[in-house]
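# Breakdown of the fold
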Amino acid sequence: MTPFDTALRIHRREVDAVKVSIGVEVERIATIDTIARAHDARMQEERALAYALPFSSDAWTARMKADRARLREAAHVAETRLGQLRAQAVEAYGTMRAIEGAAERYQAEAERTAALAEQGAIDDLAAARFLQARRKDKDRIS
């Protein structure tokens, strides 16, 4: 456990949420693209049929052009949103990585402090045994 764990969990959730949003936006763009292709194919078929008919198809053509314009606008909005989400993902990931680095440094420092404390305790025990052995040697000599 480090003091950074809570912030790290929050940013990981944020990164995950942005990933999901990016996936939704990519799916939306793919759907709009599929609809636009089908729309264009239908328009071409209908135009071919309209040339054979003796009456005007201007109203239908205008409606189809308006539908196509709406599809282009929806695609543009989705592409813009995707760009924003990607920028947000980069920022959130960068923040998360910075917090991870701080947590790793904190953990390494805590381990280093624990190792120094352990080494100090071992040194104290060794010094105590050495002094005890010296006293015994002194007592034998005296």
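Here's a quick rundown of the structure. (Residues numbered from 1 in each chain as written. Predicted model: local features only at pLDDT ≥ 70, side-chain atom pairs only at ≥ 80, totals over all residues. Heavy atoms only, no water.)

### Section: the packing of helix H1 (residues 5-52) against helix H2 (residues 58-141)
It is the contact of H1 with H2, at a shortest axis distance of 8 Å, that shows an interaxial angle of 160°. By the criterion of interaxial angle, the relationship of H1 to H2 is roughly antiparallel. Here the hand of the crossing between H1 and H2 comes out left-handed. When its residues are assigned to classes, the contact of H1 with H2 shows 24 nonpolar, five polar and 16 charged. (Axes fitted to C-alpha atoms, helices over the stretch in contact; angles between N-to-C directions. Helix = DSSP H or I, 4+ residues; strand = E, 2+ residues; numbered from the N terminus. Parallel < 35°, antiparallel > 145°, perpendicular 65-115°, else oblique. Left-handed = near helix turned anticlockwise from the far one by under 90°. Nonpolar A, V, L, I, M, F, W, Y, C, P; charged D, E, K, R; others polar.)

### Quick notes on the environment of Trp 60
Inspection of the secondary structure puts Trp 60 in helix H2. The class of Trp 60 is buried, set by a relative accessible area of 18%. With 14 residues separating them along the chain, Trp 60 and Glu 46 place their C-alpha atoms 9.3 Å apart. If we skip the residues at most four places from it in the chain, Trp 60 touches Arg 42, Met 43 and Glu 46. (Buried < 20%, exposed > 50% of the residue type's maximum accessible area, 1.4 Å probe, protein only. Contact = heavy atoms within 4.5 Å.)

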